[in-house]
Amino acid sequence: MPATSGIIQSKLQPSRIGSDFVIRRRLLDAIGDCTKRKVTLLSAPAGYGKTVFLLQLIDSLSVPVVWYQLDEFDNDLSVFLEYIIEGVRRRYEGFGAAALALLRQTKDVEAESQRILASLLNDLGSVCRNGLVIVIDDYHLITEAAIHNLLERLILYLPRGIHLVLSGRSVPILRLTRLKIEGSLLEIGHRELQFTKDEIAEFFDKQGDQLAPEAVLALEEETLGWPVALRLAEITFRDQALHDKVRAARSFATRQEIYAYLASEVFDTLSEEDKAFLTATSVLDVVTPSLCDRLLGRTDSADVLRSLVSRR
């Protein structure tokens, strides 16, 4: 369908973060001068601080940055392209004029996508000479194959100095093996985003909260450095005595706040079929495909579990 001009401006504006967040220095150091590579993939389940880290990354960069916050309505190639063009035009006036005209004239955007992409790539190379980082947040919401295909071709021919950051709850369905071989791809997952003991201690220090070393260690073991769990722990521990914090830290993973967060941010976003599967198998102490098959009288539990893990 032809593109519209219904741009929601706030989707192209990164939010701001408070001063009480821990600066992820080791991750920023790992990214380094990202414009020397083509792509950074940031993938982790809900609550790992992906967006907060991206905002810190933006603040650390010396090149222009385009921010694109996705939602479920961006699963349309014409909408996706118009947001990308508008985002870059904010940084480089005159960018994408020919591509935008073609996008708005055509009735079959997918059929014309190669011409539109060629125009965009040429403009990226000629107009954006001072470099550019394009950040696309919540890419896991994109299911449209035409967008995946266009992004693969965009990445393949990205001009020097242009860098793409894709962030989401799962690794995007893109063929990027060539980039890995070339060393043009950096992947940051949930293990890298987990807070270390030092970062846990720094986080509580920033809240004006004192934690004994044994409480920090207990929280690391209980939460595995999951940032949202640490935020919930900080709220829970406020005004508690020091020895109570140690005791609470050792059992924090069982607290209701964790389950409430998972219900709102993960479970509620699943399909009714997946919810029914998880509810029915919740009685199992250990979840395996064979046990799920036997319990539910089905033969595809392995596929269901694999799909759930990929979308966590």
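(A) Spotlight on the overall build of the protein chain. Assigned secondary structure in the protein chain consists of 16 helices and five strands. Within the span of the protein chain, comprising 312 residues, buried residues form 47% of the whole. Counting only contacts in the protein chain whose residues sit at least 6 apart along the sequence, the fraction spanning at least 24 positions is 74%. When the accessible surface of the protein chain is totalled, it reaches about 16,100 Å², and 51% of it is carbon and sulfur.

(B) View of the packing of aromatic side chains. Under the definition given, this model contains five aromatic pairs. Seen from their ring centres, Tyr68 and Phe80 are 5.6 Å apart, and the 50° between their planes marks the pair as tilted. Separated by twelve residues along the polypeptide, Tyr68 in strand β2 (residues 65–69) and Phe80 in helix α3 (residues 77–91) bring together distant segments of the chain. On the basis of relative accessible area, Phe80 is assigned to the buried category, the value being 1%. Residues Tyr68 and Tyr83 carry aromatic rings whose centres are separated by 5.1 Å and whose planes lie at 15° to one another, so their mutual orientation is stacked. Of this pair, Tyr68 sits in strand β2 while Tyr83 sits in helix α3, placing them 15 residues apart in sequence. Both residues of the pair, Tyr68 and Tyr83, belong to the buried class. Chaining the aromatic ring pairs together yields one cluster made of Tyr68, Phe80 and Tyr83. Above the ring of Tyr83, the side-chain terminus of Lys11 is found at 5.2 Å from the ring centroid.

(C) A look at the environment of Thr196. The residue Thr196 is located in the loop between α8 (190–193) and α9 (197–206) in this model. Note: C-alpha distance between Thr196 and Trp226 (30 residues apart in sequence) is 9.7 Å. Aside from chain neighbours lying at most four places away, what touches Thr196 is Arg26 and Glu220.

(D) Focus on the pattern of salt bridges. A complete count under the given rule lists 14 salt bridges for this structure. With a shortest N-O distance of 2.6 Å, Glu82 and Arg104 are connected by a salt bridge. Note that Glu82 is positioned in helix α3 and Arg104 in helix α4 (residues 97–105), a separation of 22 residues in sequence. Given a relative accessible area of 40%, Arg104 falls into the partly exposed group. The residue Arg306 makes a salt bridge to Asp303 at a minimum N-O spacing of 2.9 Å. On the criterion of helical spacing, the pair formed by Arg306 and Asp303 is a turn pair, its members being three residues apart in helix α16 (residues 301–310). When its relative accessible area of 53% is taken as the criterion, Arg306 is described as exposed. Note on Asp303: relative accessible area 49%, which makes it partly exposed. Several salt bridges share partner residues, and in doing so they unite Lys11, Asp71 and Asp74 into one network.

(E) Structural view of the nonpolar core. Leu124, Leu132, Ile136, Tyr139, Leu151 and Leu164 are the most contacted members of the largest nonpolar core, which totals 46 residues. For this core, the secondary-structure elements that each account for two or more residues are β1 (39–43), β2, α3, α4, α5 (113–126), β3 (132–137), α6 (145–156) and β4 (162–168). At seven residues, α3 tops the list of elements feeding residues into this core. When residues no more than four places from it in sequence are discounted, the contact partners of Leu124 are Phe95, Leu132, Leu154, Leu158, Pro159 and Ile162. Among the nonpolar cores identified, the runner-up in size contains 25 residues, and Ile31, Ala44, Leu54 and Val228 belong to it.

Reading the values: the criteria
Residues numbered from 1 in each chain as written. Predicted model: local features only at pLDDT ≥ 70, side-chain atom pairs only at ≥ 80, totals over all residues. Heavy atoms only, no water. Helix = DSSP H or I, 4+ residues; strand = E, 2+ residues; numbered from the N terminus. Buried < 20%, exposed > 50% of the residue type's maximum accessible area, 1.4 Å probe, protein only. Contact = heavy atoms within 4.5 Å. Areas by Shrake-Rupley, 256 points an atom, 1.4 Å probe, with all protein chains shown as cover. Phe/Tyr/Trp six-rings, centres within 6.5 Å; stacked < 30°, edge-to-face > 60°. Lys NZ or Arg CZ within 6 Å of the ring centre and 35° of its normal. Salt bridge = Lys/Arg side-chain N within 4 Å of Asp/Glu carboxyl O. Core = buried A, V, L, I, M, F, W, Y, C linked by side-chain atoms within 4.5 Å.

The values reported here are purely geometric and, on their own, carry no functional implication.
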